[in-house]
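These are the residues of each chain, in order.
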Amino acid sequence: MKTDARTVCELRDVTYVYPSGASGRAALSGVSLEVREGEWLALLGSNGSGKSTLARHLNALLIPTQGDCIVYGMSTRDPANVFAVRSAVSMVFQNPENQIVGTVVDEDAAFGPENQGLPPAEIESRVERALEAAGLLAKRAKPTYTLSGGEKQRLAVAGALAMDAPCLVLDEPTAMLDPRGRADLLAIMRALHDGGKTIVHITHRLEEILWCDRAVVLAGGRIEWEGGVEPLLRQDGALRKWGLDAPPLVALWRELGEETGLALPRIPTLEGMIDALCPLQ
Amino acid sequence: MKFLNNLTFGQYVPADSPVHSLDPRCKILAVPVVLTGIFMAGHVAAFAAWAGLLAALAWYSRLPFRLVLNSAKPVLILVAFTALIHIFFTDGTPILKLGFVTITREGVAAAAQMGLRLLLLVLFASFLTLTTKPMELSDGLERLFSPLVRFGFPAHELAMMMTIALRFIPTLLTETDRIMKAQLARGASFDRGSLWKRLKAFIPVLIPLFVIVFQRAEELATAMEARCYRGGEGRTRMRPLRWSGRDTAALAATVAVVVALAAGERSLLP
Ligand SMILES: Nc1ncnc2c1ncn2[C@@H]1O[C@H](COP(=O)(O)OP(=O)(O)OP(=O)(O)O)[C@@H](O)[C@H]1O
Ligand SMILES: [Mg+2]
């Protein structure tokens, strides 16, 4: 985690109440959060905790009822900023089926840059780069309905990448994928993070956040916890309270430590396991 | 088992042909020209000439002729119906009397003429969708209608609606299929009973389908907005349409063929 990094997005005491919400209950209340440049931030929470509502603020799809959302120094409240905000923060949604606009793979990836009004040659090169990063270059001329669920979700990522935004917000991108599709998508996210993209990753699977730099837990529209991934996994009782389950491997590793009394590192990375267990032989 | 896969007739078939690479506007404009030509045809020889042109166009487009013919399947009932009306309701020299209906020589001729015209019409028009990508087609229509935007005509919006509708057809077919199977598993039947009964069996399919469509539409709208969509203004295209000399030549050739056939029929044949 770089502490001196620039702030990409900032929520300042944001409260949001859905105008259509029958209860009048706030979906977010008093949320303050900073997303720093280049970090991979995990946003966790159970169903209805307000994760999607928060994510939609970062892209100016929702404007705070109270408080402010600042993206690269621009307030999302000013309609004149909306276009620049959406060019700086792009989004991938949960259902791969409902975010594809084009009938052919590369036409769909071009939709964002076309809306940005770029010249054709620039769109073409961005689409090519984005499809390459998403592992879809070989399928660029295929009709979109022939793609598998995992490929559709990767196309959604390519569509977001083609807009060349420095920050990418993914709202439960793996929720509807099989284990293979999930692994592919996570590998792409790791590569993007290594390439310097700022990533906000919304999920409720703890095993997906092992490589994240920082984690934020939402519950009932409030930030309940904020900090490193390792300390989060140590919050045993609290995790259960927030509706999150420690990954099976982490739970097993912890039990092993408790049973044997060995001083094992908290997170079972391959290197950590080898370092801790090999000397025992 | 798939219930609805035959609705995909007439959809774009990729191929590397001179017809595929024409500007979509050229193909769109050629359609009414050809249709006018077919409606002016009346003699057997003229119909034979048009059928020949159809085969030539299929060959030139690198499309299997059978596939082109298939695209007329959904309208065969309409063709048969039109022909029957003409057989029964045309006055003239009677050749056959069946109770109170009389079939006339003129009726048979008119039925054959109208049937053939409709058939050729559909077959020629299907080349437009068979050889043009949906996105190109909607781009072409948008550009052709763009002069009307000044009078408030929503050219971009209609073209975008068409693109999205085309994009959603396969999804909706899959969805309908899924719902129908779920209903079948609960004992519904779609192919037995009176017409009324069968229609009624479709209501439990249509309601969830509508719910799904609206839900999808809302999510898609959000996703489009997130990707900076704000209507046609300021929007550019990755592959802008380019009208070339070839397109002018193709359109001119189409007009020439239509005029030549019509003139030939008037002057050479009785
Ligand atoms: N369009 C809406 N209109 C009214 N209320 C809404 C709307 N969308 C969400 N809510 C409410 O706001 C609260 C937060 O919802 P949100 O979708 O942000 O949760 P989430 O953490 O993303 O949940 P999930 O894990 O199910 O995606 C919930 O109580 C939900 O019922
Ligand atoms: Mg959500």
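Residues numbered from 1 in each chain as written. Chains lettered and ligands numbered in written order. Predicted model: local features only at pLDDT ≥ 70, side-chain atom pairs only at ≥ 80, totals over all residues. Heavy atoms only, no water.

1. Re the sheet that holds strand β8 (residues 198-203) of chain A
All names here are of chain A.
Here is step 1 of the chain: Within the open sheet, the six strands sit side by side as β6-β7-β8-β3-β9-β10. Their pairing is mixed. In this open sheet, the two edge strands, each paired with only one partner strand, are β6 (89-92) and β10 (222-227). Looking at each pair of strands side by side, their axes are set apart by 20° on average, direction ignored.
Here is step 2 of the chain: Of the strands in this sheet, β3 (40-44), β6, β7 (167-171), β8 and β9 (214-219) touch helix α1 (residues 51-58), which is tilted by about 155° from β8.
Here is step 3 of the chain: Running over the sheet, helix α5 (residues 149-161) touches β6 and β7 and is turned about 170° from β6. (Pairing = 2+ DSSP bridges. Helix = DSSP H or I, 4+ residues; strand = E, 2+ residues; numbered from the N terminus. Axes fitted to C-alpha atoms, helices over the stretch in contact; angles between N-to-C directions. Contact = heavy atoms within 4.5 Å.)

2. Things to note about the site of ligand 1
Residues and elements named next belong to chain A.
Here is step 1 of the chain: For ligand 1, the set of nearby residues contains 14 residues, the closest of which are N47, G48, K51, S52 and T53.
Here is step 2 of the chain: Here G50 contributes a backbone N or O atom positioned 3.0 Å from an oxygen atom of ligand 1.
Here is step 3 of the chain: Interatomic distance of 2.4 Å between a side-chain N/O atom of T53 and an oxygen atom of ligand 1.
Here is step 4 of the chain: When ligand 1 is considered free in solution it has 630 Å² of accessible area, and contact with the protein chains removes 64% of it.
Here is step 5 of the chain: Partitioning the shell around ligand 1 into residue classes produces two nonpolar, nine polar and three charged. (Near = heavy atom within 4 Å. Polar contact = N/O pair within 3.5 Å; in protein donor to acceptor, adjacent residues only side chain to side chain. Areas by Shrake-Rupley, 256 points an atom, 1.4 Å probe, with all protein chains shown as cover. Nonpolar A, V, L, I, M, F, W, Y, C, P; charged D, E, K, R; others polar.)

3. Looking at the sheet that holds strand β5 (residues 74-75) of chain A
Backbone hydrogen bonds are what pair the strands of a sheet, in a parallel or an antiparallel way.
All names here are of chain A.
Here is step 1 of the chain: Taken together, four strands build an open sheet; the order of strands is β2-β1-β4-β5 and the sheet is antiparallel. In this open sheet, the two strands that pair with only one neighbour each are β2 (28-36) and β5.
Here is step 2 of the chain: Alignment of strand β4 (residues 66-71) against β5, held across two bridges, turns out to be antiparallel. Residue V71 lies in a different strand from β5, and its bridge partner there is M74.

4. What to know about the nonpolar core
Here is step 1 of the chain: Formed by 47 residues in total, the largest nonpolar core has its most connected members in I209(A) and L232(A).
Here is step 2 of the chain: With six residues, the single largest contributor to this core is α5(A).
Here is step 3 of the chain: Beyond its immediate sequence surroundings of up to four residues, I209(A) is in contact with A42(A), L44(A), T203(A), A215(A), V229(A) and L232(A).
Here is step 4 of the chain: In terms of nonpolar packing, the next biggest core, distinct from the first, is built from 34 residues, V35(A), L41(A), L54(A) and A226(B) among them. (Core = buried A, V, L, I, M, F, W, Y, C linked by side-chain atoms within 4.5 Å. Buried < 20%, exposed > 50% of the residue type's maximum accessible area, 1.4 Å probe, protein only.)

5. Focus: the pairing of strand β1 (residues 94-98) of chain B
Residue and element names in this part refer to chain B.
Here is step 1 of the chain: Pairing between β1 and strand β2 (residues 101-104): four bridges, direction antiparallel. The residue of β2 that forms the bridge with K97 is T102.
Here is step 2 of the chain: With antiparallel pairing between neighbouring strands as the criterion, β1 and β2 make up a hairpin whose turn holds two residues, including G99 at a positive phi of roughly 60°.

6. Some thoughts on helix α8 (residues 195-226) of chain B
Residues and elements named next belong to chain B.
Here is step 1 of the chain: Relative to the 46 Å expected for 32 residues at 1.5 Å per residue, α8 spans 46 Å between its end C-alpha atoms, a close match to the ideal helical length.
Here is step 2 of the chain: Along its length, α8 reaches its greatest deviation from straightness, about 30°, at P204.
Here is step 3 of the chain: Of all the residues in α8, the buried ones are A201, V205, L209, I212, R216, L220, T222, A223, M224 and A226.
Here is step 4 of the chain: At the C-terminal side of α8, C228 shows a positive phi close to 70°. (Expected span 1.5 Å × (residues − 1). Bend = angle between axes of the 7 residues up to and from the residue.)

7. Quick look at the packing of helix α3 (residues 105-115) of chain A against helix α4 (residues 120-133) of chain A
Residues and elements named next belong to chain A.
Here is step 1 of the chain: Remark: α3 packs on α4, axes separated minimally by 9 Å, with the N-to-C direction vectors making an angle of 120°. By the angle between their directions, the pair α3 and α4 is classed as oblique. In the crossing of α3 with α4, the sense of the turn from one axis to the other is right-handed. Between α3, through V105, D106, A109, A110, P113 and E114, and α4, the contact on the second element is made entirely by I123, V127 and L131.
Here is step 2 of the chain: The residue inventory of the contact of α3 with α4, partitioned by class, reads seven nonpolar, no polar and two charged. (Parallel < 35°, antiparallel > 145°, perpendicular 65-115°, else oblique. Left-handed = near helix turned anticlockwise from the far one by under 90°.)

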